[in-house]
Amino acid sequence: MKNKELADVVDDTNVLEEEYEPVKKKPKTFSIKEFRKNLKSENILDVLGTFQELLVKILLALLEKRGLLTSVVKGLIHDDADIICMTIDTLRNQILENPLVSKTVKMRTFNTAVIKDVVQLYNWKGPVSLQKGPKKKNEDIVVTQVDPVLKVKVSDCVHQFLLTLCTSFKYGVIFRDPQIGLGRKMQNNLIYTVIDSLDSPWKHSYASELVIKICGACPDLAKTVWTNLKPSLEPRRTEQWLVALKFMKNLVKELGPSRIENCIKELTPQQLAQITQMLVAPTQILKILLEGETFSDKYLKYHTSHILTRCIELVELYLKSAEAILTSENYSTYKNLIQAHLDRNFPNSTLLLTNYKAKDELVDDYNFLDVIFQLLSMYQKVCPQLLDFTSPSINFKKILDYTKKISQDKSGILEIKIVKLYLDQDPVAFLPNTQLFEQILPFILHCYCKLHDDASYRVLEKIFLNTGIFQWCEAEISIWITSLTNIEKCTDSIIQLFTNTLSLVFEKSTLYFTELSEIKASLSGSKKSMDLKEILESIAMENDTKIIRKYSLIKHTYMLCKILMPEKRTCESFSTRWNL
């Protein structure tokens, strides 16, 4: 063809007819109407070959022909796997991923009708010949099982095409919505068609992933997905409910703050709070999850608490992201709005801990409490208003005793988590003069000696700080705790000495400091005064009754110091600790 003919090809269908004639098996005029009536593999292959071989201008001219692609795609549901995959791959490679084809042309080409037909290919059940047998009267319909390998082949091909079409800003037909769905105009109507075409996508692996990826690319459509999902999230003891919860968990994970980072600076605190709620803590979903018998049924409470934890974890990420971007005033406004939303729509600590001893054969007691306290720990970080341990129905000591009972061979991680939470909420209950202190400290010390983990260390650090003994020397807490690792075997007697020493110093702190002052005075320049090491050794070994009687309270501390620290560091550490 000459250049002049190429320029006129869009408006001259006769040129197209002449161009097609040499490659057709039966020379005849190209007719869209006739093409629709006689959709066969031969016609599809001809069109695909044309897409692959013709110049871009001719390709664009073909795409301008209304109904052409609709005719190609509409009958694919009845064709075999190879024809389907060849068709879809060609559309993806030659049109969708072709940089010379504009997004406007793609949107006209892959219109609502085409997209719906492509989506239906997820339900491909084999060619027509495999789907049904004869339809003659009095004859049974024969249904043949489609080859699962071919089924996967078709689904994979369709899935890759739809992922590119619906989630790629470079090749697809999606647009960024700077207001994330808060505006009056929907920016992604065509993609809405895809979501609307999928029936309960959370029940199917390919459709589930497609919808989740769509929401990640177009978070403005998340509200539509939540609305569609809502009826399936009504709490009930069914497998379908768990499938819907799993989908919700994956969807929430996909909708992190990175999805709106391109427009977060342009949003007001009120808009950002509204978007955060809509994406990862939608009111309509929270209400349906918490209604009915959710908290009177241990099974429902367990799974609901698990998904609520995932939601509030994402809320925390949004808060951190906003804090790094917004001004202090705007962040404060945003945080207050988020906390108010959580306070209205999330269950409080009393509701979560009610009937925690209830039995359910489908729920492990330890895992149940672990999930509950994981959620409560998130409350502490994000929305402390939801925590209330003053309720008469919540007895911390009983909960801890019950946890130890069901822990069996567990390492004590859950108990540490519980202690930390209660310590932060009610530090007075953990002072050294309480029974709780005498019960908790030995347990945490044993855990640290066994695990040497950060969680145990942090709780011990909080307990030590809470005593007030280390008020002006907080750095030394690390020395006392980590010195436990110097002991080859941390016995019960050593742990008890550690606990008793802290309790004794706390109880008689005035007397303790008096003794220290006297030791310091005895060392201030008097030649007759004893050396510090000699005094301390005499106290420890009980060599001098007079010294023992005078400094009996310090004996416990120095003995503990000798046990925890190497011989050469004992006196130095003790001297540094009290500035002697």
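For the structure given in this document, a descriptive report is provided here. Note that this is a predicted model, so its numbers are computed, not measured. (Residues numbered from 1 in each chain as written. Predicted model: local features only at pLDDT ≥ 70, side-chain atom pairs only at ≥ 80, totals over all residues. Heavy atoms only, no water.)

Helix and strand counts for the protein come out as 32 helices and 0 strands. Split into buried and exposed, the 580 residues of the protein put 48% on the buried side. Of the contacts formed within the protein by residues at least 6 apart in sequence, a portion of 72% connects residues at least 24 apart. In the structure as shown, the protein presents an accessible area of about 29900 Å², 49% of it carried by carbon and sulfur atoms. (Helix = DSSP H or I, 4+ residues; strand = E, 2+ residues; numbered from the N terminus. Buried < 20%, exposed > 50% of the residue type's maximum accessible area, 1.4 Å probe, protein only. Contact = heavy atoms within 4.5 Å. Areas by Shrake-Rupley, 256 points an atom, 1.4 Å probe, with all protein chains shown as cover.)

Quick look at helix α17 (residues 283-290) now. If you check which residues of α17 are buried, you get Ile285, Leu286, Ile288 and Leu289. Lining the buried residues of α17 we find α14 (222-229), α15 (239-254), α18 (298-325) and α19 (328-345). Just past α17, the residue Gly292 takes up positive phi, approximately 70°.

A few words on the pattern of salt bridges. Here the idea is simple: oppositely charged side chains can pair when their charged atoms come close. With the rule as written, the count across this model stands at 16 salt bridges. Here Arg237 and Asp297 are joined by a salt bridge, their closest N and O atoms 2.8 Å apart. In this pair, Arg237 is assigned in the loop between α14 and α15 and Asp297 in the loop between α17 and α18, connecting sequence segments 60 residues apart. On the basis of relative accessible area, Arg237 is assigned to the partly exposed category, the value being 42%. By relative accessible area, which is 15% here, Asp297 ends up buried. Residue Lys462 pairs with Asp424 through a salt bridge whose shortest N-O separation is 3.1 Å. Here Lys462 is found in helix α25 (residues 454-467), whereas its partner Asp424 is found in helix α23 (residues 413-425), with 38 residues between them in sequence. For Lys462, a relative accessible area of 31% puts it in the partly exposed group. (Salt bridge = Lys/Arg side-chain N within 4 Å of Asp/Glu carboxyl O.)

A pair of packed helices is characterised by two quantities: the angle between their axes and the separation of those axes. Remark: α23 packs on α25, axes separated minimally by 10 Å, with the N-to-C direction vectors making an angle of 30°. When the axes of α23 and α25 are compared, the pair comes out roughly parallel. Pair α23 / α25 crosses with left-handed handedness. Here Ile416, Val419, Lys420, Leu423 and Asp424 of α23 come into contact with α25, specifically with Ala455, Ser456, Val459, Lys462, Ile463 and Asn466. Considering only residue class, the contact of α23 with α25 consists of 6 nonpolar, 2 polar and 3 charged. (Axes fitted to C-alpha atoms, helices over the stretch in contact; angles between N-to-C directions. Parallel < 35°, antiparallel > 145°, perpendicular 65-115°, else oblique. Left-handed = near helix turned anticlockwise from the far one by under 90°. Nonpolar A, V, L, I, M, F, W, Y, C, P; charged D, E, K, R; others polar.)

Across all of its chains, the model carries 11 aromatic pairs by this definition. Ring centres of Phe396 and Tyr422 lie 4.1 Å apart, and the angle between their planes is 40°; this geometry places the pair in the tilted category. Within this pair, whereas Phe396 is found in helix α22 (residues 396-407), its partner Tyr422 is found in helix α23, the two being separated by 26 residues in sequence. The pair formed by Phe396 and Tyr422 is uniform in burial state, with each residue classed as buried. Here the aromatic cluster, defined as three or more aromatic residues joined through ring pairs, consists of Phe464, Phe470, Trp480 and Phe498. (Phe/Tyr/Trp six-rings, centres within 6.5 Å; stacked < 30°, edge-to-face > 60°.)

To continue, consider the side chain of Asn98. The residue Asn98 is located in the loop between α7 (81-96) and α8 (103-109) in this model. Looking at Asn98, the relative accessible area reads 13%, which means it is buried. Within the structure, Asn98 has its side chain in polar contact with the backbone oxygen of Gln94 (distance 3.1 Å). Beyond its immediate chain neighbours, meaning those up to four positions away, Asn98 contacts Leu59, Asn93 and Lys106. (Polar contact = N/O pair within 3.5 Å; in protein donor to acceptor, adjacent residues only side chain to side chain.)

Core analysis: the largest hydrophobic core is formed by 160 residues, its most contacted members being Phe110, Met248, Tyr334, Phe373, Tyr422 and Phe464. Here this core gets 12 residues from one element, more than from any other, and that element is α18. If sequence neighbours within four positions are ignored, Phe464 has contacts with Leu441, Phe470, Ile477, Trp480, Ile481, Phe498 and Leu502. (Core = buried A, V, L, I, M, F, W, Y, C linked by side-chain atoms within 4.5 Å.)

Attention now goes to unusual backbone geometry. Positive phi values are uncommon outside glycine, yet Ser200 reaches one of about 45°. Inspection of the secondary structure assignment puts Ser200 in the loop between α12 (189-197) and α13 (205-217). Residue class for Ser200 comes out buried when judged on its relative accessible area of 17%. Not every positive phi belongs to a glycine, and His452 is a case in point at roughly 55°.

Here Lys301 is to be found in helix α18. The buried charged residue Lys301 lacks any salt bridge, with Asp297 as its nearest oppositely charged partner at 9.4 Å. Dropping the residues within four chain positions of it, Lys301 is found in contact with Thr294, Phe295, Leu351, Leu352, Thr354, Phe368 and Ile372. (Lys, Arg positive; Asp, Glu negative; His and termini not counted.)

All buried positions along helix α9 (residues 112-120) are accounted for by Val114, Ile115, Asp117, Val118 and Val119. Buried residues along α9 sit in contact with α6 (68-74), α8, α11 (148-167) and α12. N-cap assignment for α9: the residue whose side-chain oxygen lies 3.2 Å from the backbone N of Ala113 is Asn111.

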